[in-house]
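So you can see what is in the structure, the chains are spelled out below.
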Amino acid sequence: AQQIPPCHYSIHNAFFGTPTITTTSTESTTYPNPIFDKIQQLRSIPCIAVQGTDDFITPPDTVLDLHDVWPELEIRLVEENGHSQYDPGMAVELVAA
């Protein structure tokens, strides 16, 4: 049952709508980033991002990129924890957040 939400999220393009692909002259593919494009709508909402430093699924760079466009975002980096909410440090920080 724990795999159902990630599958639903992935199947629906992370709820970003229809994906679009733009090919540049060097044949690389770029994808739109709807969260970054609409960040002004989120900036007034208080938010805490809890991120494991050893997360290989969503590396810490991703939350730092988000913080660049949403400076009001509070980041809590959890040393030696990964992606799982069940990692001991992650559980503590998620409850505290």
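Below is a summary of the structure that appears in this document. Fair warning: this is a prediction, and the values are worked out from it, not measured in the lab.

1. Details of helix α3 (residues 60-69)
Okay, step 1: Within α3, the full set of buried residues consists of Pro60, Val63 and Leu66. Looking straight down α3, one finds that the buried residues subtend no more than 120° of arc, so they occupy a single side. Those residues of α3 that are exposed and aimed more than 90 degrees away from the buried face are Asp61 and Asp68.

2. Overview of the side chain of Gln51
Okay, step 1: When you line up the elements, Gln51 lands in strand β3 (residues 48-52).
Okay, step 2: On the basis of relative accessibility, which here comes to 7%, the residue Gln51 falls in the buried class.
Okay, step 3: Each residue touching Gln51, except ones within four places of it in the same chain, is listed here: Thr58, Pro59, Pro60, Thr62, Val63, Arg76, Leu77, Val78 and Met90.

Thresholds, definitions, all that
Residues numbered from 1 in each chain as written. Predicted model: local features only at pLDDT ≥ 70, side-chain atom pairs only at ≥ 80, totals over all residues. Heavy atoms only, no water. Buried < 20%, exposed > 50% of the residue type's maximum accessible area, 1.4 Å probe, protein only. Helix = DSSP H or I, 4+ residues; strand = E, 2+ residues; numbered from the N terminus. Arc of directions from axis to C-beta. Contact = heavy atoms within 4.5 Å.

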